[in-house]
Amino acid sequence: MNRIGNLFVALFVLSAFFWLVETLFAANPAQARLFKRRGLATDLWYWFATPLVTKGISQLGLVLILVLVYRVNPSGLRALLESRETLLARQPLGLQALEMLLLGDFIGYWTHRVFHGRALWKFHAIHHCSKDLDWLSSVRLHPVNDWLSRWIQASALVVLGFSPAAVAAYVPFLTFYAVFLHANVSWGLGPLGWLVASPKFHRWHHTSEDEGLDKNFAGLLPLFDVVFGTYYMPKGRLPQRFGLKNEDVPEGFWRQLVYPFRRARAPRALATG
């Protein structure tokens with residue numbers, strides 16, 4: 001019950017905070033407020049189901065992966081979990097944090113692009129189907145999308161030699177930053193927007209307008225979009241339409257869970273991979 005109570009408290013606090021922020025600095029002032037907007041019931045299901053169910057299954061999946069690795073290479077896994085006397089792990093946690101921001105976002109950038117490819121797009125389409133984009137939209141994430149993204153990013157950082165404690169602190173940070181990125185605010189962070197992802201930057205990623213499709217994949221550092229040619233930030237304009245182009249994802253938590261497993265009726269039009 002404590003976890004459920006904490007989720008209610010967090011929902012109340014964040015709702016109050018972002019109501020104020022999204023009222024004062026709204027990117028789309030005409031969008032309905034949180035408790036009147038489209039898709040609210042669906043997102044509330046995700047708000048409670050993800051931490052209560054999805055994360056538990058995700059942790060179980062990590063255990064199963066470790067078991068499989070142990071069966072293949074028992075001594076290698078033992079060394080990975082016990083010694084951790086790597087060059088990276090011996091560094092101060094602050095330095096490891098800076099390095100993880102760079103390497104972790106590089107991994108996250110390419111994982112995100114893979115989810116925009118044909119093989120995994122339907123799982124990621126769930127996240128893109130919100131027509132009213134605000135902070136609560138960040139939780140609309142299919143469990144398969146959530147699991148694979150977390151496993152790939154966290155496992156890669158640990159295997160590279162970072163301290164598991166540092167990685168454990170890094171993943172929640174990304175979760176909270178994702179909430180901020182989805183807020184219905186016009187913030188581009190000025191010159192800092194070239195270095196750090198902003199809500200304005202991410203809104204162009206979520207638009208259904210042609211000019212923004214398959215742009216701005218980075219979750220933290222736009223540098224990777226600049227380097228790999230996917231950066232898009234037109235001056236003086238914000239996108240006005242969100243959701244999917246020429247694809248319909250049903251509303252409702254349970255229907256969205258099964259959507260990726262249904263046979264496609266029409267070609268996907270948003271992502272090009």
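Relevant structure appears above.
Residues numbered from 1 in each chain as written. Predicted model: local features only at pLDDT ≥ 70, side-chain atom pairs only at ≥ 80, totals over all residues. Heavy atoms only, no water.

This part takes up the overall build of the chain. Each helix and strand in the chain was counted, giving ten helices and zero strands. Going residue by residue from the N terminus, the α and β elements of the chain occur as α-α-α-α-α-α-α-α-α-α. Counting contacts in the chain only where the partners sit at least 6 residues apart, residues at least 24 apart contribute 73% of the total. Looking at the chain as shown, the accessible area adds up to about 14400 Å², and 69% of this sits on carbon and sulfur atoms. (Helix = DSSP H or I, 4+ residues; strand = E, 2+ residues; numbered from the N terminus. Contact = heavy atoms within 4.5 Å. Areas by Shrake-Rupley, 256 points an atom, 1.4 Å probe, with all protein chains shown as cover.)

Here we take up the environment of Arg255. Assignment of secondary structure puts Arg255 in helix α10 (residues 253-258). Its relative accessible area of 52% is what places Arg255 among the exposed residues. Arg255 sits 213 residues away from Thr42 along the chain, and the two C-alpha atoms are 9.9 Å apart. (Buried < 20%, exposed > 50% of the residue type's maximum accessible area, 1.4 Å probe, protein only.)

Moving on to the side chain of Thr42. Mapped onto the secondary structure, Thr42 falls in helix α2 (residues 40-72). Of note is the side chain of Thr42, whose polar atom sits 3.0 Å from the backbone nitrogen of Gly252. Look past the residues within four positions of Thr42 in its chain and what remains in contact with it is Arg140, Glu251, Gly252, Phe253 and Gln256. (Polar contact = N/O pair within 3.5 Å; in protein donor to acceptor, adjacent residues only side chain to side chain.)

Once that is clear, we can look at the packing of aromatic side chains. Applying the stated criterion to the full structure yields 24 aromatic pairs. Ring centres 4.9 Å apart and planes at 50 degrees place the aromatic pair Phe8 and Phe48 in the tilted group. Taken as a pair, Phe8 in helix α1 (residues 2-24) and Phe48 in helix α2 lie far apart in primary sequence, 40 residues in all. Consider the rings of Trp47 and Trp135, whose centres lie 5.9 Å apart with planes at 90 degrees: the pair is edge-to-face. (Phe/Tyr/Trp six-rings, centres within 6.5 Å; stacked < 30°, edge-to-face > 60°.)

Moving on, we get to helix α7 (residues 164-181). Over its 18 residues, α7 runs 26 Å from end to end, which matches the ideal 26 Å to within 8%, given 1.5 Å per residue. The complete set of buried residues in α7 reads Ala166, Val167, Tyr170, Val171, Leu174, Tyr177, Val179 and Leu181. Buried residues along α7 sit against α1, α4 (93-115), α6 (143-160) and α8 (199-206). (Expected span 1.5 Å × (residues − 1).)

Our next topic: the pattern of salt bridges. Opposite charge on two side chains lets them pair, provided their charged atoms get close. Scanning the entire structure with this criterion turns up eight salt bridges. Asp210 serves as the salt-bridge partner of Lys245, at 2.2 Å between the closest nitrogen and oxygen. Taken together, the residues Lys245 in the loop between α9 (223-227) and α10 and Asp210 in the loop between α8 and α9 connect sequence positions 35 residues apart. With relative accessibility at 26%, the residue Lys245 sits in the partly exposed group. Residue Glu211 pairs with Arg237 through a salt bridge whose shortest N-O separation is 3.0 Å. Here Glu211 is found in the loop between α8 and α9, whereas its partner Arg237 is found in the loop between α9 and α10, with 26 residues between them in sequence. A relative accessible area of 37% places Arg237 in the partly exposed class. Through salt bridges with shared partners, a single network forms among Arg37, Asp43, Asp134, Arg140 and Glu251. (Salt bridge = Lys/Arg side-chain N within 4 Å of Asp/Glu carboxyl O.)

Take the environment of His127 next. Along the polypeptide, His127 turns up in helix α5 (residues 121-128). For His127, the side chain forms a polar contact with the side chain of His206, separated by 3.3 Å.

These figures come from the coordinates and say nothing about function on their own.
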